[in-house]
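# Notes for the structure review
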Amino acid sequence: MSKRDYYEVLGVSRDADENTIKKAYRRLAMKYHPDRNAGDVKSEEMFKEAKEAYEVLTDANKRAAYDQFGHAGVNASAAGGGGAQGFSDAFSDIFGDIFGTRSGRSSMHRGSDLRYNLEISLEQAAHGAETKIRIPTMEQCETCHGDGAKPGTSPKTCSTCNGHGQVRMQQGFFSIQQTCPKCQGSGKIITHPCPTCHGVGRVKQQKTLTVKIPVGVDDGDRIRISGEGEAGLNGGPPGDLYVVIHLSAHPVFRREGDHLHCEIPISFTVAALGGEIEVPTLEGHAKIKVPAETQTGKVFRLRGKGIKGVRSHDKGDLLCHVIVETPVKLTARQKELLEELEAISLKDGPRHSPRAKSWMDKAREFFSE
Ligand SMILES: [Zn+2]
Ligand SMILES: [Zn+2]
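The structure contained in this document is the topic of the report that follows. (Residues numbered from 1 in each chain as written. Chains lettered and ligands numbered in written order. Predicted model: local features only at pLDDT ≥ 70, side-chain atom pairs only at ≥ 80, totals over all residues. Heavy atoms only, no water.)

## A few points about the overall build of the protein chain
- Secondary structure assignment for the protein chain yields 10 helices and 15 strands.
- A burial count over the protein chain gives 34% of its 369 residues as buried.
- Of the contacts made within the protein chain by residues no fewer than 6 positions apart, 64% connect residues no fewer than 24 positions apart.
- For the protein chain, the accessible surface area stands at approximately 22,600 Å², while carbon and sulfur atoms represent 52% of it. (Helix = DSSP H or I, 4+ residues; strand = E, 2+ residues; numbered from the N terminus. Buried < 20%, exposed > 50% of the residue type's maximum accessible area, 1.4 Å probe, protein only. Contact = heavy atoms within 4.5 Å. Areas by Shrake-Rupley, 256 points an atom, 1.4 Å probe, with all protein chains shown as cover.)

Pasting the structure below:
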């Protein structure tokens, strides 16, 4: 039986980094582990094959030799002691690698942490919530077990490069090595691609997780979900998943720490004469007594109508910024009344317009200097 390509064995691309290779190896080793496949000769073969591929591809020198010369490049070095290696050796190595039982070897690696950006509403932040998120992960294709070929077929060794992925071009005195143009360096040709992964060997899968959003979280806060990051290597623990909170803009409220701000437009009649207005709160609504002669920009503070932050003891406040609105689309009658009001007011001099009066005084001073 001719040897399968090492990359093919592990189901990784030719430019896969060491982490990817270790991960692929671990997955295969777990799958074909003798404990799970007692007496299955085929599994035993797969197990040994994966181990050999792993040993070559994680050794920089051996990998370079393999990339350049294929199996011929590593057989010489492997023949030294590895040629006749029995199954029991491979077996103990696997135990060491996977379960971390080997002393004096630090091959255990914690998986990477992952980050997920979660956009939530202000209401969810204020009251807490539970939401489901879907995390994409790359898994080996179940249909083709990672080799990218339709079940019942197998990838053919590229005839141009004989599976090396590289070809030598003679140019004068020089021989130049190039990525094989026919197989793009993979060393194999898939004539019948796997229908599931379209020949890639891996498929994107979605994992659904439930995230508890604590009461009071704010923009930029991170929620740690222990153990939901990337899988660890060689028995190492998985990384953590960090859910980073992004608050979406609210149509009414603007959050500032534990306080909320909102703008309240009022008519100039209410502003002048005073009155009671209803304002929205996160819980419903509240009433504000607007005193007579209220100017635009006045802020009414409703205590305890803000948000109780994650690290706070009490709720913040709701600050209502008053904007006195100029009336529009006036009828002839309304205009008449306003003109009459203006005529009467002018007779009294500037005392009805405190801001205009002080502004006029300042302007006069400025020009007389
Ligand atoms: Zn597939
Ligand atoms: Zn080729």
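## Focus on the environment of Tyr116
- In this fold, Tyr116 is placed in strand S1 (residues 114-120).
- The contact partners of Tyr116, leaving out residues within four places of it in the chain, are Ile133, Arg134, Ile135, Leu241, Tyr242, Val243 and Val244.

## As for the coordination of the zinc ion (ligand 2)
- The protein atoms donating to the zinc ion (ligand 2) are Cys158 (SG), Cys161 (SG), Cys180 (SG) and Cys183 (SG), with metal-donor distances spanning 2.2 to 2.3 Å.
- If you look at the zinc ion (ligand 2), its 4 donor atoms make angles of 102 to 117° with each other, and the shape they trace is tetrahedral.
- Ordering the donors of the zinc ion (ligand 2) by residue number gives the pattern C-x2-C-x18-C-x2-C. With Cys161 in the loop between strand S3 (156-157) and strand S4 (166-171) and Cys183 in the loop between strand S5 (174-179) and strand S6 (188-189), this residue pair connects regions lying 22 residues apart in the sequence. Like Cys161, the residue Cys183 is buried in the burial classification. (Donors = N, O, S within 2.8 Å, 3.2 Å for Na, K, Ca; no water. Tetrahedral: all angles 85-135°; square planar, octahedral: opposite > 155°, others 65-115°.)

## As for the pattern of salt bridges
- Applying the stated criterion to the full structure yields 20 salt bridges.
- In this structure, Arg255 and Asp218 form a salt bridge, with 3.6 Å as the shortest nitrogen-oxygen distance. Residue Arg255 is found in strand S10 (residues 254-256), and its partner Asp218 is found in the loop between strand S7 (202-213) and strand S8 (222-225); the two are separated by 37 residues along the sequence.
- Residue classification places Arg255 among the buried residues on the basis of a relative accessible area of 15%.
- Given a relative accessible area of 21%, Asp218 falls into the partly exposed group.
- Taking the shortest distance from any N to any O, the salt bridge between Arg224 and Asp240 comes out at 3.4 Å. (Salt bridge = Lys/Arg side-chain N within 4 Å of Asp/Glu carboxyl O.)

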